[in-house]
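What follows is the residue order along each chain.
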Amino acid sequence: MSTRKPTRKRAAKTAKRPAPKPVKQPAGKAVAKRAEAPPRRGAAPRTRGPGADAARSVAELMSYAYALEAEAAERYAEFAEVMEAHNNREVAELFRKLARIEHKHSEQILEEMGWTSPPRPPSTGYRWEGPEGPETADITDLHYLMQPYHALQIALHNEKRAEKFFASLARKATAASVRKAATEFMDEETEHVRLIEEWLARTPKPAKDWALDPDPPAYHD
Ligand code: ZN
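Computed from a prediction, not measured in an experiment: that's the story for all the values here.

**Observations regarding the coordination of the zinc ion**
Here's step 1: The zinc ion binds to the protein through E135 (OE), E159 (OE), E189 (OE) and H192 (ND1), with metal-donor distances spanning 1.9 to 2.2 Å.
Here's step 2: Mapped onto the polypeptide sequence, the residues donating to the zinc ion form the spacing pattern E-x23-E-x29-E-x2-H. Of this pair, E135 sits in the loop between α4 (89-113) and α5 (148-172) while E189 sits in helix α6 (residues 176-201), and the two are 54 residues apart along the sequence. Assigned by exposure class, E135 and E189 land together as buried.

In structure tokens, the structure reads:
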């Protein structure tokens with residue numbers, strides 16, 4: 001049982017950003033990557049805000065929504081890979097599932113808009129509240145012994161942030177069409193929050209000593 005032991009334990013536990021593997025792999029699409037880019041040269045420094053005044057049109061709102069879902073999907077897929085590397089199959093499977101769900105959302109947005117490829121980010125770049133999209137899981141939350149319950153708590157946190165993000169866009173919208181679309185997204189995220197809460201309710205709570213490894217991995221560095 002010890003040959004396939006994790007060697008990246010420490011990385012996953014304390015990782016700052018990119019951690020064990022290159023974190024962004026936009027599969028040929030630069031959308032999610034650019035979401036992290038600093039404001040373009042020439043752009044006046046802006047305070048970060050959830051989309052700030054960004055969504056001036058429904059298309060712009062939809063491109064935010066797309067980027068958010070796509071980035072969330074990518075991150076969950078990366079988490080699944082990390083968990084697989086640690087032989088934590090149950091949680092890997094859960095993250096895969098979450099990745100599939102978010103990916104489907106992003107595809108639905110393309111379909112709804114009749115877009116054949118991912119939208120271009122706004123000329124100012126995406127302006128999220130933090131360095132990444134509001135539905136993107138934080139890599140520092142990973143632990144190689146984590147249980148489905150923990151994974152779902154991460155997901156819950158992400159859904160709540162996404163809900164707040166769209167709520168704020170709805171509040172700031174000046175066009176009625178944008179407000180309506182943002183409100184619909186917000187309602188969807190509220191529904192996701194509810195679903196994850198239900199899922200959590202039927203998921204066993206971890207024991208207090210869940211992080212205790214009776215056979216800790218050996219480091220070779
Ligand atoms: Zn969601």
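Here the narrative resumes, following the displayed structure.
**Considering the environment of Y126**
Here's step 1: Here Y126 lies in the loop between α4 and α5.
Here's step 2: Residues Y126 and A67, spaced 59 residues apart in sequence, show a C-alpha to C-alpha distance of 8.5 Å.
Here's step 3: Of note is the side chain of Y126, whose polar atom sits 3.1 Å from the backbone oxygen of S63.

**Focus: α6**
Here's step 1: The end-to-end C-alpha distance of α6, which contains 26 residues, comes to 37 Å, matching closely the 38 Å that a straight helix rising 1.5 Å per residue would cover.
Here's step 2: Those residues of α6 that sit buried are V178, A181, A182, F185, E189, H192, V193, I196, W199 and L200.
Here's step 3: Of the surrounding secondary structure, the elements contacted by the buried residues of α6 are α3 (58-85), α4 and α5.

**Some points on a negative patch on the surface**
Here's step 1: Side chains of E107, E111, E112, D187 and E188 sit close together on the surface and give a patch of like negative charge.
Here's step 2: When residues of the negative patch are assigned to their parent elements, the largest contribution, three residues, is made by α4.
Here's step 3: Here E112 lies in helix α4.
Here's step 4: Residue class for E112 comes out exposed when judged on its relative accessible area of 61%.

What counts, and at which threshold
Residues numbered from 1 in each chain as written. Predicted model: local features only at pLDDT ≥ 70, side-chain atom pairs only at ≥ 80, totals over all residues. Heavy atoms only, no water. Donors = N, O, S within 2.8 Å, 3.2 Å for Na, K, Ca; no water. Helix = DSSP H or I, 4+ residues; strand = E, 2+ residues; numbered from the N terminus. Buried < 20%, exposed > 50% of the residue type's maximum accessible area, 1.4 Å probe, protein only. Polar contact = N/O pair within 3.5 Å; in protein donor to acceptor, adjacent residues only side chain to side chain. Expected span 1.5 Å × (residues − 1). Contact = heavy atoms within 4.5 Å. Patch = residues over 30% accessible without salt bridge, like charges linked within 9 Å, V, L, I, M, F, W, Y side chains within 5 Å. Areas by Shrake-Rupley, 256 points an atom, 1.4 Å probe, with all protein chains shown as cover. Salt bridge = Lys/Arg side-chain N within 4 Å of Asp/Glu carboxyl O. Lys, Arg positive; Asp, Glu negative; His and termini not counted. Charge placed at Lys NZ, Arg CZ, Asp CG, Glu CD.

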